[in-house]
Each structure stands twice: as C-alpha cells, then as structure tokens.
Amino acid sequence: EFRGKDDIGDKINTQIIQPLIDANARLSRSDFPDFNDPNKLGEGKAMVDRLTNLINDVLDISKMEAGRMEWKTAPLDVSALVDRAVEATAALFPQAQPHAPAPAVVFARDVEGSLPSIEGDFDRLLQVLINLISNAAKFTDKGSVAVRARRHANVIELSVKDTGNGIELADQ
C-alpha cells in the first residue's frame, strides 16, 4: 500500500536498491576475486549496475517532480566524465574478436585535447551521457555511436552521435 510519491521512493529504496547494493557487496568480496573480470563472471556485475542505475533514474525523476532534486556543482574534468561514461556503457557494444567479423556498431570516444574544467554535477552529467549512449546503442543496428566533447568559443559541447534510425517525425 502506497501513501504517495515519497512512499514509493522509500519502498523502492528498501525493497529493491538495498538488496542490489547488498548483492553487489557480496559479489565484490575476496571470495569472488574475479568479480570485475567479465570473461569469468559474464555480465552479472554490469547487469546489477545497470538495474541499480535504472532504479536510481526513476527515483531521480520522482525527486525532480517533487522539486527535491539536489545538485552537487563542482569543477569537473570533461575528459574524465566521457571516459567514465564510455567505460560504463562499453558492454553494450561487442568488440571485434580475432578471426571474427567486425562488430556491426563501432563505439568511439572523440574528445578534443586540453579541454578546460567546467562547473557541473559530475554524477548527473554522467547519468545523462550514459542514458544517451544506452539509447543510441538500443536503436543503432549498424554503423557507429560516438561520444564527443568539443570546445566552441566559451562553451563545451558534449554530444552522442549515432547512425540509428532516430525518432519518427510524428513522435518528435
């Protein structure tokens, strides 16, 4: 029984997120030394992480709607932000294997050299980039997905460009 939006957030936290955190912690212990080796454990950790992020996204939307979103603005390194997003989503793009055909979708990082630090919320910007990359992966069957960071005068532009079908004109 839910008493409102705040109660939904509490239920999601206690009944879904906390068990995921516990599972992640147990798998990370020394009795599972290969937890971060995808060749030995498959995509188990990546799936736990993606599910946790998805649930956190739902909670964040709820916070935004309620006007309770907290922002942690600080100087951040754009290149490190892009690297983190690429690392978090790399599993969505199978890499070429020796003696195998090239992957249908090429995933690329394209960051202009020596970009200045910017002010922003690293975690929120990371969340946005991961969501954009995940959507690009989902809707791009062949071609490429590129994460880019460029400087245009006094503006730093972050973008995710893909060769997917895009959004139908009627749905825009």
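Here the structure is a predicted model, which is why all the values come from computation and not from measurement.

Undergrad: What is the right way to read the side chain of Thr89 from this model?
TA: Residue placement: Thr89 occurs in helix 4 (residues 78-89). Judged by relative accessible area, which is 2%, Thr89 ranks as buried. With residues up to four places along the chain from it excluded, the contact list for Thr89 reads Phe107, Ile130, Ile133 and Ser134.

Undergrad: Honestly, the sheet that holds strand 5 (residues 155-162) in this entry has me stumped. Any pointers?
TA: In a beta sheet, neighbouring strands are held together by backbone hydrogen bonds and run either parallel or antiparallel to one another. A sheet is described by the order of its strands in space; here 3 strands give the open sequence 2-4-5, paired in mixed fashion. The open sheet terminates on both sides in strands that have one partner only, identified here as strand 2 (105-111) and strand 5. On average, each strand axis in the sheet is inclined to that of its neighbour by 10°, with strand direction left out of account. The pairing of strand 4 (residues 143-152) with strand 5 spans 8 bridges and is antiparallel. Bridge pairing in strand 5 links Val147 to Val160.

Undergrad: What is the right way to read the pattern of salt bridges from this model?
TA: Between side chains of opposite charge, a pair can form as their charged atoms come close. Counted by the stated rule, this structure contains 3 salt bridges. A salt bridge links Asp83 to Arg109; the nearest nitrogen and oxygen atoms lie 2.3 Å apart. Of the two residues, Asp83 sits in helix 4 while Arg109 sits in strand 2, which places them 26 residues apart along the sequence. We classify Arg109 as partly exposed; its relative accessible area is 38%. Two residues, Arg150 and Asp110, come together in a salt bridge whose shortest N-O distance is 2.5 Å.

Undergrad: Can you walk me through the environment of Arg109 in this structure?
TA: Taking C-alpha positions, Arg109 is 7.6 Å from Val82, a pair spaced 27 residues apart along the chain. What Arg109 contacts, discounting residues up to four positions off in sequence, is Ser79, Val82, Asp83, Val86 and Val147. Separated by 2.7 Å, the side chains of Arg109 and Ser79 make a polar contact.

Undergrad: For this particular structure, what's the right way to read unusual backbone geometry?
TA: For Ser114, which is not a glycine, the phi torsion comes out positive at approximately 50°. Mapped onto the fold, Ser114 is located in the loop between strand 2 and strand 3 (118-120). Of the residues examined, Ser114 reaches a relative accessible area of 74% and is grouped as exposed. With phi around 55°, Ala153 is a residue other than glycine that occupies positive phi space. As for its position among the elements, Ala153 is in the loop between strand 4 and strand 5. Exposure remark for Ala153: the relative accessible area of 65% places this residue in the exposed category.

Undergrad: Just to check I follow, could you spell out the pairing of strand 4 for this structure?
TA: A regular strand carries its side chains on alternate faces of the sheet. When strand 2 meets strand 4, the two strands line up parallel, connected through 7 bridges. Following the sheet pairing, Arg109 is matched in strand 4 by Val147. Two successive antiparallel strands, strand 4 and strand 5, enclose a turn made up of 2 residues, where Ala153 displays a positive phi of approximately 55°.

Rules used throughout
- Residues numbered from 1 in each chain as written.
- Predicted model: local features only at pLDDT ≥ 70, side-chain atom pairs only at ≥ 80, totals over all residues.
- Heavy atoms only, no water.
- Helix = DSSP H or I, 4+ residues; strand = E, 2+ residues; numbered from the N terminus.
- Buried < 20%, exposed > 50% of the residue type's maximum accessible area, 1.4 Å probe, protein only.
- Contact = heavy atoms within 4.5 Å.
- Pairing = 2+ DSSP bridges.
- Axes fitted to C-alpha atoms, helices over the stretch in contact; angles between N-to-C directions.
- Salt bridge = Lys/Arg side-chain N within 4 Å of Asp/Glu carboxyl O.
- Polar contact = N/O pair within 3.5 Å; in protein donor to acceptor, adjacent residues only side chain to side chain.

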